[in-house]
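Read off the chains here:
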Amino acid sequence: MFSAGLRNRCFVGVLAVGMSLVFGSISEAQDKDDKDAKKSDSKATGAQGSPADPLKRPIPEKQRKANAKALKIELSKTYRKWLDEDVRWIITDQERSAFMQLSNDEERDQFIEAFWQRRDPTPDTEENEYKEEHYRRIAYANEHYAAGIPGWKSDRGRTYIVFGPADEIESHPSGGSYERPMEEGGGETSTFPFETWRYRYLEGIGQEVIIEFVDSCMCGDYHMTLDRSEKDALKYTPNAGLTLYEQMGMSSKASRFTNGGVEQLGQSPFNKDLQTKEFDRLEQYAKLQAAPAVKFKDLEEVVSHKISVNLMPFDVRADFVKVTSDTALVPVTIQIKNRDVTFQNKDGVERGTVNIFGRVTTLTGKIVQTFEDTVQVDVPVELLPKTAENSSVYWKALPLRISQNRYRLDIVVKDVNGDRTGSWSHAIVIPDFSEDKLSSSTLIIADQMEPVATKNVGTGNFVIGTTKVRPRVAPSDGKPILFKRNQKLNFWMQVYNLSVDEKTHKPSATIEYNVTDANNKAVIHTIESTETMGNVGDQVTLQKTLSAANLQPGLYKIEIKVNDKLSKQTVDPTATFAVE
């Protein structure tokens, strides 16, 4: 497998030289845009020479009121979703206020671009790791914290999106018997389901940050609480779940409700200063609700390349995974045969090196994503002839707006040692993920599918949410994906917008797995139900593994049919593969 290579200034220099035959210079139009941007920056400088916010333009009072009145009509569904869903938890009050004052879509597009650029931790590269990580976290939250509402809306989802995974999680998914620590009064009681998240350090908040979530409705909807007694299921039951002082007659249970504090904890020798500490808890709670501070400054787009066609062959696959109602993750997989890469012997190891450049544009030519990498594969000298027919793959996940729907994806691959270049250009259309319509991600057939460690969730090559899914890429000649009989076949897919019962807060759907041969004869047929899948919401992830040894050589089709019993809607994506 190729490993990700240099992503710094050194690589940019290498790529610029190595691919000079492929990429043209910046166009005159881009030069003009840069000059205009500089003029705008100079106008935005105040009398003292300090930068001024260009969004804080003086607007006549009459015009300001007219703009505010027309905002609900003028602000399209796309931008409102971006504001209320995509960045709801990370946009500052000042940024939200500035966005609401914008008067047209062009200004809003510029604002959104600047919003992400301000948060880019590596401004000297094309990639915005902050943006990519943000959408990965949203996808993870939707998969793990949904409970009648999308996972990103839940308190646990919000906390994960803003602060990332906790360093430690103490989980009590069934509640039950609980021995209180002395600072909560001691004694034994029964609790509702709850979780305690511990962060060693959160910037702007402090060290040893403890956050408690309680599912008091027993429906999977955990909410953040200030009052640690909220998880006590026996709090309102007389003479049950008593603290140590209450058992010893040194305090009454009624005193928990008369102390006037934020928390209704029983008295103990370890919480005499409970009311003093409540101010600290209130301050921490307020900080946890605020958007994270912006660390990075605005930047400018500086590159625009032209792409030409040449002789380096490779295959490409693009998949589609919903993240929010207006954002899709588009994992792009590039497959290159080892026989098409020129290897050079270095210290007894044959090394092949490839430069990859990718660009996503709208139909009007606006650049929305670019990526570039130097990747390499090393093979022992004696094994090179045997691995000539093997393939190496490169993977990149791109967050794209669903409302834009149609994009153009251009990819250029250069064999560094052989000085050959090839290009691939194709229109990509993001599926309809409308909230009122049952839909699914791409059905991915993978040669590897395995859970990832908690610390690696949402990050790394081929990782979607909590799972590493390495797709098999079909060759460009139209032949199907091929597996050998000693390999495992893995199927991965997500289902979106399942209807949720208002009473049970759960969906009701069946999932059929059908594998048929070239004669349309059923080879495998299984059915399962969401009722046996545990705590799932309107989104569910399907993962199945099949041994190719159980199939005779030939061509097959896999169909996964999802039937939503509540909405009476179905989806049934298919894919073909072959076994030899």
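Everything below is about the structure shown above.
Residues numbered from 1 in each chain as written. Predicted model: local features only at pLDDT ≥ 70, side-chain atom pairs only at ≥ 80, totals over all residues. Heavy atoms only, no water.

K.L.:
Whenever I open this one, the overall build of the chain confuses me. Can you help?
P.N.:
When its secondary structure is counted, the chain shows 10 helices and 27 strands. Expressed as a percentage of the 580 residues in the chain, the buried residues total 45%. Restricting to contacts in the chain with at least 6 residues of sequence separation, those with at least 24 account for 66%. Accessible area of the chain: about 29300 Å², with a carbon and sulfur share of 51%. (Helix = DSSP H or I, 4+ residues; strand = E, 2+ residues; numbered from the N terminus. Buried < 20%, exposed > 50% of the residue type's maximum accessible area, 1.4 Å probe, protein only. Contact = heavy atoms within 4.5 Å. Areas by Shrake-Rupley, 256 points an atom, 1.4 Å probe, with all protein chains shown as cover.)

K.L.:
Can you walk me through the packing of aromatic side chains in this structure?
P.N.:
By the definition in use, this model includes 21 aromatic pairs. Look at Tyr-145 and Trp-197: their rings are 5.9 Å apart centre to centre, the planes differ by 50°, and that puts the pair in the tilted class. Taken as a pair, Tyr-145 in the loop between helix H7 (129-144) and helix H8 (155-163) and Trp-197 in strand E4 (residues 194-202) lie far apart in primary sequence, 52 residues in all. Take Tyr-145: its relative accessible area is 8%, and that puts it in the buried class. Chaining the aromatic ring pairs together yields one cluster made of Trp-82, Phe-99, Phe-111, Phe-115, Trp-116, Tyr-130 and Tyr-135. Note that Arg-108 overlies the ring of Tyr-79, its terminal NZ or CZ placed 5.9 Å from the centroid. (Phe/Tyr/Trp six-rings, centres within 6.5 Å; stacked < 30°, edge-to-face > 60°. Lys NZ or Arg CZ within 6 Å of the ring centre and 35° of its normal.)

K.L.:
Looking at this structure, I do not really get the packing of helix H5 (residues 93-100) against helix H6 (residues 105-118). What am I missing?
P.N.:
Angle between the axes and distance between the axes: these two values describe a pair of packed helices. At a minimum axis separation of 10 Å, H5 and H6 run at an interaxial angle of 165°. Comparing the axis directions of H5 and H6 gives the class roughly antiparallel. Here H5 runs over H6; the crossing is right-handed. Residues Glu-95, Ala-98 and Phe-99 of H5 form the contact with H6, whose own contacting residues are Arg-108, Phe-111, Ile-112, Phe-115 and Arg-118. (Axes fitted to C-alpha atoms, helices over the stretch in contact; angles between N-to-C directions. Parallel < 35°, antiparallel > 145°, perpendicular 65-115°, else oblique. Left-handed = near helix turned anticlockwise from the far one by under 90°.)

K.L.:
When you look at the pairing of strand E25 (residues 554-564) in this model, what are you seeing that I'm missing?
P.N.:
Consecutive residues of a regular strand have side chains that alternate between opposite faces of the sheet. Strand direction decides the pairing type here: strand E22 (residues 509-517) and E25, joined by nine bridges, are antiparallel. The partner of Ala-509 across the bridge, within E25, is Asp-564. In this structure, E25 lies alongside strand E27 (residues 574-579), joined through six bridges in antiparallel fashion. Directly across from Gly-554, in E27, lies its bridge partner Val-579. The loop that links E25 with its antiparallel partner strand E26 (residues 569-571) comprises four residues; one of these, Lys-568, has a positive phi angle of about 65°. (Pairing = 2+ DSSP bridges.)

K.L.:
When you look at unusual backbone geometry in this model, what are you seeing that I'm missing?
P.N.:
One can expect most non-glycine residues to show negative phi and most peptide bonds to be in trans. Notably, Met-218 is not glycine yet its phi reads approximately 60°, a positive angle. Structurally, Met-218 can be placed in the loop between strand E5 (206-214) and strand E6 (223-225). Of note in this structure, Asn-520 is not a glycine but carries a positive phi near 65°. Mapped onto the elements, Asn-520 comes out in the loop between E22 and strand E23 (522-529). Overall, Asn-520 belongs to the exposed group, its relative accessible area being 59%.

K.L.:
Mind showing me how you'd approach a nonpolar patch on the surface here?
P.N.:
Where nonpolar side chains cluster on the molecular surface, the patch consists of Leu-244, Met-248 and Met-250 and spans about 300 Å² of accessible area. For Met-248, the position within the fold is in the loop between helix H9 (244-247) and helix H10 (274-289). (Patch = residues over 30% accessible without salt bridge, like charges linked within 9 Å, V, L, I, M, F, W, Y side chains within 5 Å. Salt bridge = Lys/Arg side-chain N within 4 Å of Asp/Glu carboxyl O.)

K.L.:
I would appreciate a short explanation of the state of the cysteines in the present structure.
P.N.:
Applying the stated rule across the entire model yields one disulfide. Sulfur-sulfur distance for the disulfide between Cys-217 and Cys-219 comes to 2.0 Å. Because the sign of the S-S torsion sets the handedness, a value of about -60° for the bond joining Cys-217 and Cys-219 places this disulfide among the left-handed ones. (Disulfide = S-S within 2.5 Å.)

K.L.:
What's the story with the pattern of salt bridges in this structure? I'm lost.
P.N.:
A pair can form between side chains of opposite charge whenever their charged atoms are brought close. Applying the stated criterion across every chain yields a total of 32 salt bridges. Its salt-bridge partner being Glu-263, residue Arg-228 comes within 2.7 Å of it at the nearest N-O pair. Within this pair, whereas Arg-228 is found in the loop between E6 and H9, its partner Glu-263 is found in the loop between H9 and H10, the two being separated by 35 residues in sequence. Judged by relative accessible area, which is 13%, Arg-228 ranks as buried. Look at Glu-263 and you get buried, because its relative accessible area is 0%.

K.L.:
Teacher, can you tell me more about H6 here?
P.N.:
In an α-helix, one turn spans 3.6 residues; hence positions three or four apart end up facing the same way. The first and last C-alpha atoms of H6 sit 20 Å apart over 14 residues, in line with the 20 Å expected at 1.5 Å per residue. Taken together, the buried positions of H6 are Glu-107, Arg-108, Phe-111, Ile-112, Phe-115, Trp-116 and Gln-117. For H6, the N-terminal capping position is held by Asn-104, with its side-chain oxygen 3.1 Å away from the main-chain nitrogen of Glu-106. (Expected span 1.5 Å × (residues − 1). Polar contact = N/O pair within 3.5 Å; in protein donor to acceptor, adjacent residues only side chain to side chain.)

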